[in-house]
Amino acid sequence: MSKYSSLWIWISETKSQDFKLTYEELEKVLNFKIDHSFLTFKKELEDYGFKVEKISLKNKEIYFKKL
């Protein structure tokens, strides 16, 4: 399990379609600040039925897509 497993589980249990979260919202779920390791671990999310569609550094948002 990675440090992002709690986020992946939360997404799979609470979301049923495409959505976006701000960095702040993500950090509330995780209880820590996201860092560059997110880019490595984001591929794990596909095991939970979603993928990271887009990361907006400017707006500090991450867009998720249901597979």
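Here, the structure is the one placed above.
Residues numbered from 1 in each chain as written. Predicted model: local features only at pLDDT ≥ 70, side-chain atom pairs only at ≥ 80, totals over all residues. Heavy atoms only, no water.

### What about the layout of surface pockets?
Size it by volume and the largest pocket reaches roughly 170 Å³. Tallied by class, the residues present in the lining of the largest pocket amount to seven nonpolar, one polar and one charged. (1 Å grid on protein atoms, 1.4 Å probe; cavity = no way out; pocket = protein on both sides within 12 Å on 5 of 7 lines; lining within 4 Å. Points joined across faces, edges and corners; volume = space filled by probe spheres on them. Nonpolar A, V, L, I, M, F, W, Y, C, P; charged D, E, K, R; others polar.)

### Concerning the environment of Leu 30
Note on placement: Leu 30 falls in helix H2 (residues 23–30). In the structure, Leu 30 is positioned 27 residues away from Lys 3 in sequence and 8.5 Å away in space, judged by C-alpha atoms. In this structure, Leu 30 is in contact with Lys 3, Tyr 4, Ser 6 and Leu 7, ignoring residues within four places of it in sequence. (Helix = DSSP H or I, 4+ residues; strand = E, 2+ residues; numbered from the N terminus. Contact = heavy atoms within 4.5 Å.)

### A look at the nonpolar core
Ranked by internal contacts, the top residues of the largest apolar core, which has 16 residues, are Ile 11, Ile 62 and Phe 64. Elements that contribute at least two residues to this core include exactly helix H1 (5–14), strand S1 (19–22), H2, strand S2 (50–56) and strand S3 (61–66). In this view, Ile 62 contacts Phe 19, Lys 20, Leu 21, Tyr 23, Leu 26, Ile 34, Phe 38, Val 52, Lys 54 and Ile 55; residues no more than four positions away in its chain are not counted. (Core = buried A, V, L, I, M, F, W, Y, C linked by side-chain atoms within 4.5 Å. Buried < 20%, exposed > 50% of the residue type's maximum accessible area, 1.4 Å probe, protein only.)

### Regarding the side chain of Glu 61
Along the polypeptide, Glu 61 turns up in strand S3. In terms of polar contacts, Glu 61 uses its side chain to reach the side chain of Tyr 63, at 2.8 Å. (Polar contact = N/O pair within 3.5 Å; in protein donor to acceptor, adjacent residues only side chain to side chain.)

### A few points about the packing of aromatic side chains
Summed over all chains, the structure comprises seven aromatic pairs. Each ring, one from Phe 19 and one from Phe 50, has its centre 5.8 Å from the other, and the planes form 80°; the classification is edge-to-face. Pair noted here: Phe 19 is in strand S1 and Phe 50 is in strand S2, with a separation of 31 residues, a long-range link. For Phe 19, a relative accessible area of 13% corresponds to the buried category. Members of the aromatic cluster, each reached through a chain of ring pairs, are Tyr 4, Trp 8, Phe 32, Phe 38 and Phe 41. Over the aromatic face of Phe 19 sits the side chain of Lys 15, whose NZ or CZ is 4.9 Å from the ring centroid. (Phe/Tyr/Trp six-rings, centres within 6.5 Å; stacked < 30°, edge-to-face > 60°. Lys NZ or Arg CZ within 6 Å of the ring centre and 35° of its normal.)

### Details of the environment of Ser 2
Position of Ser 2 relative to the elements: it lies in the segment before H1. Owing to a relative accessible area of 13%, Ser 2 belongs among the buried residues under this scheme. Taking C-alpha positions, Ser 2 is 22 Å from Phe 19, a pair spaced 17 residues apart along the chain.

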